[in-house]
Amino acid sequence: MPSRELEYPKQPYSTVKRLNDRARYSLETIHGIINSSPFINVAFQDSTSPFPAVLPMIGQMGSFSRPSADLGDVLDLYLHGYVSSRLMNLARTSPDSDQGIPLTISATLLDGYVLSLTPNSHSYNYRSAILFGFAQPVVDPQEKLWAMELVTNSVVPQRYPNTRVPPNKAEMQSTSILKVKIKAGSAKIRSGEPHDERGDMNDGELRKKTWVGVVPAWTQFGEPVAGGYNKVEEVPGPLARATCQATRSASKTRIPIQARHHSSTSNPPISQYDDNNPNHRYWWTACAPSITSILRHSRSYTPSQQSLHISWFRNSVIPNLGPRPSATYRLRSPLNYEGSPYRPTWNFCSAPAGSPSSSSVVGTLRFSFDPIPATGTTKEDPTNQEEYKRLFPLLARECHGKGETKADLTWYDEVQEHVYLTPSEQSRLIPRNSHLLPPEHAAIAIGCVGEKRLLKPYFFAGPKSMVTGLSPHQVLFSALRGIRTQRDKVKPALDLVEDYVASRKTVMTPNCIGIDAVSPDQGARVKLYTLVPSNAFSVMRDAMTLGGRLTSPETLRGVEILRSIYHLLRGDRSRINDATEEVSKPCRYESKSHSYWKGSTSYEMRPGREEPEVKVYVPLMQLFETEEAVIEGLEEVWRGFGWGELGKGGYGEAIREAFPQVDFKKPPGTHTWGSFSYSDRTGPYMTIYLAPRFQERYNLGVARDEI
């Protein structure tokens, strides 16, 4: 990876002139668009024709001399074609054999239809790139073979070595490869919501009758169909992972993973997406922009991995979000402050040395959801516990553990008796007032790592505490002490955490636990979350050191890094100093009953580690004046960490694309929490929690004084 971001030189023929705020010149951005396009358009001038010629071709950016080069490095473009085609003949017979023939190459990716109040304001969300260079035939046999493999594997990962190779003499003679030396290039990108003239925006009648918004778009591949002479019974793994369900197909392409956990449930399989179901259609349209934008902008996923996660989300999550919001059905999930049952989160850490990522930062997607029956939450099951108990083991069958193993429910099975309500307790659960959210009980989180899905259940103390009279501390630590497998290896860290939390019981309330659905023998983690009534830096420092119990140089390095950025996470102008470290910034939404919503902490424990890993959480929504201010603060943090494009407008671009309906000049509600932790292994690790605000769009959200 280059030490700094490289850009193509701005030439008169390559500089974007109209709407130049959408222009990009970075090699990484332009090469990424070219390599993500299923085909590219190649323009050249043929002296035998009065018209310029344009051909759709298959091509890929790469470097034969430096095969491990990143997208942000200087690369060549390799074009694949038939030996006697017009372009190949022209390149072979060009009088300027030293430089080659001039070509212009373009590619465009459609990300969505942008529908406005007037036809003239309609647009597309898109990513387009154009390159200018000189092409010559590749004559070195080794470079030609390398380029053929590069282009073939760009269509389907690992397709080349899973066929009859190397090509025979006739195939080599009939195929030509052009190598294009790039001289200049540019990209143009449009993302986000519609824009209309002020006069139209002030026309109330027009706005009432004209729907505006974004219709997301992407390429999806159907389930592989075997040829008539195919003899391979199962679709090979690389091919299965490179494809996903067709848009309206009722069947699913599964990732072949080894079955090791056998659930005892006899319930029917997971509900499937139905395009004719208006609830499914609503949730898909509403959730797709955030999922697709985060996956794409994370720079951690190949196009086939992105399609795989999107397809699985559509089929396995969308049908379990319950009814869509309407005038007669109000979203009531406690997962988000405004009731939406789905929450995306975006994790960031520095790219490790030798990482294949072309960026200095690695981003990953995690999303949480509250499983709700198709008919909505019922009085008989106000916490959706029964739906959760039904769905979770089914999802485990489709998720992964470490290596090639499947999700493991050992710890889930060991703690559930301490957190699930018994039938008797269900009947004693006192319903809350109808205008308030039900008590939060459980949620499901899915982390997307490469092509894998990592499953995590969350259990909240509220309902069990309400019906038993036990404190949240007693409920959750009883569950943690219920872990039997690898108990002795978790105990040292758990003892430390319980001792610390107990010593802060007047200012700290345990809220929930999260458990990796991974075998305890393979690095499973369990995490305790607490709420604190302060966002003062001194409170966060106390948590990171467990009140002075953790004093290693690694811990203290993390504390100092947090101190250096803490003012940016709270929207303050000045850095934290000795005089301000005890000050808790006033929150935008405060009430006596919700004073604990000023800060949060978590403590991660795993077998074999005697000390927990601590993470602190800042309520971004409570502390900033606008969404734009949140983005500016976070991007300044990213720049300080050296996180490349993310801190130079890339984060803001991704978030606006993810939430096209949000007015970012208004007070925050999309950015809810930001978390920070540190280890010498990962460096700074941050997570941004995002609320989709679906209910808000129906003007039926939770009242502000109840946030």
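Report follows, based on the coordinates. (Residues numbered from 1 in each chain as written. Predicted model: local features only at pLDDT ≥ 70, side-chain atom pairs only at ≥ 80, totals over all residues. Heavy atoms only, no water.)

**A closer look at the overall build of the protein**
Turning to step 1, where the next piece is worked out: When helices and strands are counted, the protein shows 20 helices and 18 strands.
Turning to step 2, where the next piece is worked out: For the protein, contacts bridging at least 24 residues in sequence account for 72% of all contacts bridging at least 6. (Helix = DSSP H or I, 4+ residues; strand = E, 2+ residues; numbered from the N terminus. Contact = heavy atoms within 4.5 Å.)

**Structural notes on the nonpolar core**
Turning to step 1, where the next piece is worked out: If you look at the biggest cluster of nonpolar residues, it comprises 110 residues, and the most contacted ones within it are Phe 367, Leu 528, Trp 638 and Tyr 651.
Turning to step 2, where the next piece is worked out: Residues in contact with Phe 367, not counting those within four places in the same chain, are Ile 291, Trp 312, Phe 313, Val 317, Tyr 342, Arg 343, Pro 344, Thr 345, Ile 444, Ala 445, Ile 446 and Cys 448.
Turning to step 3, where the next piece is worked out: The next biggest cluster of nonpolar side chains, apart from the first, holds 29 residues, and it includes Leu 27, Ile 30, Met 61 and Leu 103. (Core = buried A, V, L, I, M, F, W, Y, C linked by side-chain atoms within 4.5 Å. Buried < 20%, exposed > 50% of the residue type's maximum accessible area, 1.4 Å probe, protein only.)

**Some points on the packing of helix H19 (residues 627-641) against helix H20 (residues 650-658)**
Turning to step 1, where the next piece is worked out: As a packed pair, H19 and H20 sit with axes 9 Å apart at the nearest point and diverge in direction by 140°. By the angle between their directions, the pair H19 and H20 is classed as oblique. In the packing of H19 onto H20, the handedness of the crossing is right-handed. On H20, the residues touching Glu 628, Ile 631, Leu 634, Glu 635 and Trp 638 of H19 are Gly 650, Tyr 651, Gly 652, Ile 655 and Arg 656.
Turning to step 2, where the next piece is worked out: Of the residues contributing to the contact of H19 with H20, the split by class is five nonpolar, two polar and three charged. (Axes fitted to C-alpha atoms, helices over the stretch in contact; angles between N-to-C directions. Parallel < 35°, antiparallel > 145°, perpendicular 65-115°, else oblique. Left-handed = near helix turned anticlockwise from the far one by under 90°. Nonpolar A, V, L, I, M, F, W, Y, C, P; charged D, E, K, R; others polar.)

**Looking at the packing of helix H8 (residues 278-297) against helix H9 (residues 303-316)**
Turning to step 1, where the next piece is worked out: The geometry of H8 relative to H9 is characterised by a closest axis approach of 10 Å and an angle of 155° between their N-to-C directions. Accordingly, the angle class assigned to the pair H8 and H9 is roughly antiparallel. As H8 packs across H9, the resulting crossing turns out to be right-handed. In this structure, H8 uses Trp 284, Cys 287, Ile 291, Thr 292, Leu 295 and Arg 296 to contact H9, whose residues at the interface are Gln 306, His 309, Ile 310, Phe 313 and Arg 314.
Turning to step 2, where the next piece is worked out: Here the residues of the contact of H8 with H9 are counted per class, giving six nonpolar, three polar and two charged.

**Details of the environment of Gly 185**
Turning to step 1, where the next piece is worked out: When you line up the elements, Gly 185 lands in strand E7 (residues 175-190).
Turning to step 2, where the next piece is worked out: With 155 residues separating them along the chain, Gly 185 and Ile 30 place their C-alpha atoms 7.4 Å apart.
Turning to step 3, where the next piece is worked out: If we ignore the near neighbours within four places in the chain, the residues touching Gly 185 are Tyr 8, Ser 14, Tyr 25, Ile 30, Ile 130, Leu 131 and Phe 132.

**Description of helix H11 (residues 410-419)**
Turning to step 1, where the next piece is worked out: Taken together, the buried positions of H11 are Trp 411, Tyr 412, Glu 414, Val 415 and Val 419. Viewed end-on, H11 has its buried residues packed into an arc of 165°, placing them on one side of the element. (Arc of directions from axis to C-beta.)

**Some thoughts on the packing of aromatic side chains**
Turning to step 1, where the next piece is worked out: By the definition in use, this model includes 28 aromatic pairs.
Turning to step 2, where the next piece is worked out: Summarising the aromatic geometry, the rings of Tyr 388 and Phe 392 are spaced 5.8 Å apart at their centres and angled 5° between planes, so their arrangement reads as stacked. Taken as a pair, Tyr 388 and Phe 392 lie in helix H10 (residues 385-396) at a separation of four residues, close to a single helical turn. Note on accessibility: Tyr 388 and Phe 392 belong to one class, buried.
Turning to step 3, where the next piece is worked out: Among the aromatic side chains, those forming a connected cluster through ring pairs are Trp 346, Phe 348, Trp 638, Phe 641, Trp 643 and Tyr 651.
Turning to step 4, where the next piece is worked out: Cation over ring: Lys 389 sits above Tyr 420, and NZ or CZ is 5.1 Å from the ring centre. (Phe/Tyr/Trp six-rings, centres within 6.5 Å; stacked < 30°, edge-to-face > 60°. Lys NZ or Arg CZ within 6 Å of the ring centre and 35° of its normal.)

**Things to note about the sheet that holds strand E15 (residues 599-605)**
Turning to step 1, where the next piece is worked out: Here we have 10 strands rolled up into a closed barrel, ordered E9-E10-E11-E12-E13-E14-E15-E16-E17-E18, and antiparallel in their pairing. Strand-to-strand twist across the sheet, computed as the mean angle between neighbouring axes with direction ignored, equals 20°.
Turning to step 2, where the next piece is worked out: One ladder, built from five bridges, connects strand E9 (residues 342-350) with strand E18 (residues 683-690); its direction is antiparallel. Looking at E18, one finds that Phe 348 is bridged to Met 686.
Turning to step 3, where the next piece is worked out: In the packing of H9 onto the sheet, contacts are made with E9, strand E10 (361-369), strand E11 (442-449) and strand E12 (452-460), and the angle to E12 comes to roughly 45°. (Pairing = 2+ DSSP bridges.)

**Quick look at a nonpolar patch on the surface**
Turning to step 1, where the next piece is worked out: A surface patch of nonpolar side chains, about 500 Å² in accessible area, is lined by Leu 110, Tyr 113, Tyr 124, Trp 211 and Val 215.
Turning to step 2, where the next piece is worked out: Mapped onto the fold, Val 215 is located in strand E8 (residues 213-216).
Turning to step 3, where the next piece is worked out: Overall, Val 215 belongs to the partly exposed group, its relative accessible area being 34%. (Patch = residues over 30% accessible without salt bridge, like charges linked within 9 Å, V, L, I, M, F, W, Y side chains within 5 Å. Areas by Shrake-Rupley, 256 points an atom, 1.4 Å probe, with all protein chains shown as cover. Salt bridge = Lys/Arg side-chain N within 4 Å of Asp/Glu carboxyl O.)

**Observations regarding the pairing of strand E13 (residues 509-515)**
Turning to step 1, where the next piece is worked out: Most of E13 sits inside the fold, with five of its seven residues counted as buried.
Turning to step 2, where the next piece is worked out: Sheet topology note: the E12/E13 ladder contains three bridges and is antiparallel. Across the sheet, residue Phe 459 finds its bridge partner in E13, namely Ile 513.
Turning to step 3, where the next piece is worked out: Pairing of E13 with strand E14 (residues 526-532) involves six bridges; the strand directions are antiparallel. Within the sheet, the bridge partner assigned to Cys 512 lies in E14 and is Tyr 529.

Any functional reading would require information beyond the geometric quantities listed.
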